Amino acid sequence: MSRKLFVNLPVKELDRSVQFFTALGFSFNAHFTDETATCMIVSESSFVMLLTEEKFKQFTPKQLCDTTQATEVLVCLSAESRAEVDQLVAKAVAAGGSLYKEPLDFGFMYGHSFQDPDGHQWEVMFMEPEAIPS
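Keep in mind that what you see is a predicted model, and the values were worked out from it rather than measured.

A.B. asks: A description of the pairing of strand E3 (residues 37-41) should follow, citing residues and the corresponding values.
C.D. replies: Of all five residues in E3, four are buried; the element is thus mostly enclosed. The sheet contact formed by strand E2 (residues 27-29) and E3 spans three bridges and is antiparallel. Bridge pairing in E3 links Phe28 to Met40. Sheet topology places E3 next to strand E4 (residues 46-52); five bridges connect them, and they run antiparallel. Across the sheet, residue Ile41 finds its bridge partner in E4, namely Phe47. Linking E3 to E4, which pair antiparallel, is a turn of four residues.

What follows is the structure, encoded as structure tokens:
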């Protein structure tokens, strides 16, 4: 059995987050969606659970990260081309996200980044197929 990955992120306004990620082309699993949470489908084996802050606090005794002051995690998504990297970042900015650093170009790998409306940092990268470890 292959593993599945579920990243859990707290959000201030669930509807706003759903609208934002829908604009980026993501869909959601209605079976795991209610007024406190939704399951964003990234791939067959990768998902992002967007949880209201109140719901998220049920899973951890720690304080939530203030994303205006600190980085809690860098979520990295792969893209099929350099152009797709730039297109996804442009969609994110148009949908209410923001840039937080300049693109990085390492020749064999190209990446750009955005912050979602809750300040979570998302990396989008393209890597030349021959450079991908097997």
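A.B. asks: Could you give an account of helix H1 (residues 14-23), with specific residues and numbers?
C.D. replies: Burial in H1 covers these residues: Leu14, Ser17, Phe20 and Phe21. All buried residues of H1 project into a common sector of 125 degrees when viewed along the axis, lining one side. Facing away from the buried surface of H1 by more than 90 degrees, the exposed residues are Asp15 and Gln19. Directly beyond the C-terminal end of H1, a positive phi value near 105 degrees is found at Gly25.

A.B. asks: With reference to specific residues and values, describe the sheet that holds strand E5 (residues 74-78).
C.D. replies: Across the sheet, which stays open at both edges, the four strands sit in the order E5-E8-E7-E6 with mixed pairing between neighbours. Only two strands of the sheet have a single partner each, and these edge strands are E5 and strand E6 (104-105). With five bridges connecting them, E5 and strand E8 (residues 121-127) associate as parallel partners. Of the residues in E8, the one forming a bridge with Leu77 is Val124. Helix-sheet contacts for helix H3 (residues 82-94) involve E5, E6, strand E7 (109-115) and E8, and the interaxial angle to E7 is about 5 degrees.

A.B. asks: Any chance you could break down the side chain of Ser17 for me, citing the residues and the numbers?
C.D. replies: Among the structural elements, Ser17 can be located in helix H1. When its relative accessible area of 2% is taken as the criterion, Ser17 is described as buried. Separated by 3.1 Å, the side chains of Ser17 and Asp118 make a polar contact. For Ser17, the residues in contact, after removing those within four places along its chain, are Val11, Leu50 and Asp118.

A.B. asks: Lay out the sheet that holds E4 in plain terms, naming residues and giving numbers.
C.D. replies: Read across the open sheet, the four strands follow the order E1-E4-E3-E2; overall the sheet is mixed. Here the strands that pair on one side only, and so sit at the sheet edges, are strand E1 (5-11) and E2. Here the strands of the sheet are splayed against their neighbours by 35 degrees on average, with no regard to which way each runs.

A.B. asks: Requested: an account of the pattern of salt bridges, with residues and values cited.
C.D. replies: According to the stated counting rule, one finds four salt bridges in the structure shown. With a shortest N-O distance of 2.9 Å, Lys12 and Glu53 are connected by a salt bridge. Placement of the pair is Lys12 in the loop between E1 and H1 and Glu53 in helix H2 (residues 53-56), with a sequence separation of 41 residues. According to the relative accessible area criterion, Lys12 is exposed, its value standing at 57%. Notably, a salt bridge pairs Lys101 with Glu123, separated by 3.5 Å at the nearest N-O pair.

What counts and how
Residues numbered from 1 in each chain as written. Predicted model: local features only at pLDDT ≥ 70, side-chain atom pairs only at ≥ 80, totals over all residues. Heavy atoms only, no water. Buried < 20%, exposed > 50% of the residue type's maximum accessible area, 1.4 Å probe, protein only. Helix = DSSP H or I, 4+ residues; strand = E, 2+ residues; numbered from the N terminus. Pairing = 2+ DSSP bridges. Arc of directions from axis to C-beta. Contact = heavy atoms within 4.5 Å. Axes fitted to C-alpha atoms, helices over the stretch in contact; angles between N-to-C directions. Polar contact = N/O pair within 3.5 Å; in protein donor to acceptor, adjacent residues only side chain to side chain. Salt bridge = Lys/Arg side-chain N within 4 Å of Asp/Glu carboxyl O.

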